[in-house]
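Single-letter residue listing:
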Amino acid sequence: MIYLAQFQFPHKEREYDFFLEQKRTCYDTYYPFQILSRHDLNVLDFEPVTILYGGNGSGKTTALNIMAEKLGLERDTLYNRSNFFEDYTKMCDYEIQEKIPAGSRIITSDDVFDFMLNLRSINEGIDRRREELLEDYLDAKYSHFQMKSLDDYEQLKKVTMARSNTQSKFVRKRLAGNVREHSNGESAFLYFADKIKENGLYLLDEPENSLSPEKQQELLKFLEDSARFFGCQFIIATHSPFLLSMKGAKIYDMDEEVVDVKRWSELENVRAYYSFFKKHEREFL
């Protein structure tokens, strides 16, 4: 599915005209001006899956933030923006092939990181509650409690539960709504699985962060299936060789002096991985 067909960024000449109009010239930065135009990136044409490849400073994250801002996509965390961000996005334009569905969003590594921190905080709270319940269990199981009035009913239930259940069952039953604990990689994958719904446009900024190679391949399959069967369109900034291998993806190499479309096997860091493992091929036999 293609919702966003094309996005247009301002040319160098238009940026230059904007600078001439400014009365003040003492700003530390004109960001995001002069980032994408450095590599003559003026237009991106999109497929169901489009990937922006490049190293740090290549502008791939900047491009995603600009598109998300211009399109009004949902996001969870704030991002770095200068006084000129609104001026820049006003100069941008885009073409829609299908109406962008509600719920479409940008997902950044900061979103995933904040989610994992929140989940860890919740689980730490559950751990403290679990310790308290273990103490309750021992106190209740070995107490000499006798019910003397209805005011003692809740304590009676606790004593009865402790004496009729093992320690682990007692804790599980009393710890309602327990949050499952996961590794960082599992938590990160859960975030993507929760946020990515059917029929939506999703901008993903380096989704491989916090994911093991195995989880990156699992995410790859999830994204491929979402694009192929569930009406999703993805624009992804990444340098993960696993995600770069996505079937049918259109890849822009933003490290080139003039941004160019390439096959994933032509990209510099993928070739570096290939050369390294080819050099050590005998050690895997």
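Everything numeric in this text was worked out from a predicted model, so none of it was measured. (Residues numbered from 1 in each chain as written. Predicted model: local features only at pLDDT ≥ 70, side-chain atom pairs only at ≥ 80, totals over all residues. Heavy atoms only, no water.)

1. Description of the sheet that holds strand E3 (residues 49-53)
Right, on to step 1. With mixed pairing, the six strands of this open sheet are ordered in space as E5-E6-E7-E3-E8-E9. Because the sheet does not close on itself, it has two edges, and the strands there are strand E5 (105-107) and strand E9 (260-262). Each strand of the sheet is rotated relative to its neighbour by a mean of 20°, with strand direction disregarded.
Right, on to step 2. Here three bridges tie E5 to strand E6 (residues 201-205), and the two strands are oriented parallel to one another. Its bridge partner lying in E6, Ile 107 is registered against Leu 204.
Right, on to step 3. Strands in contact with helix H8 (residues 213-229) are E3, E6 and strand E7 (233-237); relative to E7, the strand with the most contacts, it is inclined by about 145°. (Pairing = 2+ DSSP bridges. Helix = DSSP H or I, 4+ residues; strand = E, 2+ residues; numbered from the N terminus. Axes fitted to C-alpha atoms, helices over the stretch in contact; angles between N-to-C directions. Contact = heavy atoms within 4.5 Å.)

2. Concerning the pattern of salt bridges
Right, on to step 1. Tallied over the full model, the rule gives 13 salt bridges.
Right, on to step 2. Glu 218 is the partner of Lys 215 in a salt bridge, and the nearest nitrogen-oxygen pair spans 3.1 Å. Highlighted residues: Lys 215 and Glu 218, both in helix H8, separated by three residues, approximately one helical turn.
Right, on to step 3. Ionic pairing is found between Lys 221 and Asp 225, a salt bridge with its closest N-O pair at 2.7 Å. Taken together, the positions of Lys 221 and Asp 225, both in helix H8 and four residues apart, correspond to about one turn of that helix.
Right, on to step 4. In this structure Asp 225 comes out as partly exposed when scored by relative accessible area, which is 22%.
Right, on to step 5. Connected through salt bridges with shared partners, the residues Glu 74, Asp 76, Arg 105 and Lys 195 form a single ionic network. (Salt bridge = Lys/Arg side-chain N within 4 Å of Asp/Glu carboxyl O. Buried < 20%, exposed > 50% of the residue type's maximum accessible area, 1.4 Å probe, protein only.)

3. A look at the sheet that holds strand E2 (residues 43-45)
Across a sheet, strands are paired by hydrogen bonds formed along the backbone, either parallel or antiparallel in direction.
Right, on to step 1. Strand order in the open sheet formed by three strands is E2-E1-E4, and the pairing between neighbours is antiparallel. Strands at the two margins of the open sheet, each flanked by one partner only, are E2 and strand E4 (93-96). Pairwise comparison of adjacent strand axes, ignoring direction, gives a mean angle of 10° for this sheet.

4. Looking at the packing of aromatic side chains
Right, on to step 1. Tallied over the full model, the rule gives 13 aromatic pairs.
Right, on to step 2. Relative to Phe 9, the ring of Phe 7 has its centre 4.9 Å away and its plane inclined at 50°; by these criteria the two rings are tilted. The same class applies to Phe 7 and to Phe 9, which are both buried.
Right, on to step 3. Three or more aromatic residues joined by ring pairs form one cluster here, namely Phe 18, Phe 19, Phe 33, Phe 84 and Tyr 88. (Phe/Tyr/Trp six-rings, centres within 6.5 Å; stacked < 30°, edge-to-face > 60°.)

5. Topic: the side chain of His 39
Right, on to step 1. Relative to the assigned elements, His 39 resides in the loop between helix H1 (12-21) and E2.
Right, on to step 2. Not counting the four nearest positions on each side in its chain, His 39 is found in contact with Ser 58, Met 254, Asp 255, Glu 256, Glu 257, Val 258 and Val 259.

6. Some thoughts on a nonpolar patch on the surface
Right, on to step 1. Taken together, the side chains of Tyr 273, Phe 276, Phe 277 and Phe 284 make up a nonpolar region of the molecular surface, amounting to roughly 470 Å² of accessible area.
Right, on to step 2. Checked against the element boundaries, Phe 276 lands in helix H10 (residues 268-279).
Right, on to step 3. Take Phe 276: its relative accessible area is 47%, and that puts it in the partly exposed class. (Patch = residues over 30% accessible without salt bridge, like charges linked within 9 Å, V, L, I, M, F, W, Y side chains within 5 Å. Areas by Shrake-Rupley, 256 points an atom, 1.4 Å probe, with all protein chains shown as cover.)

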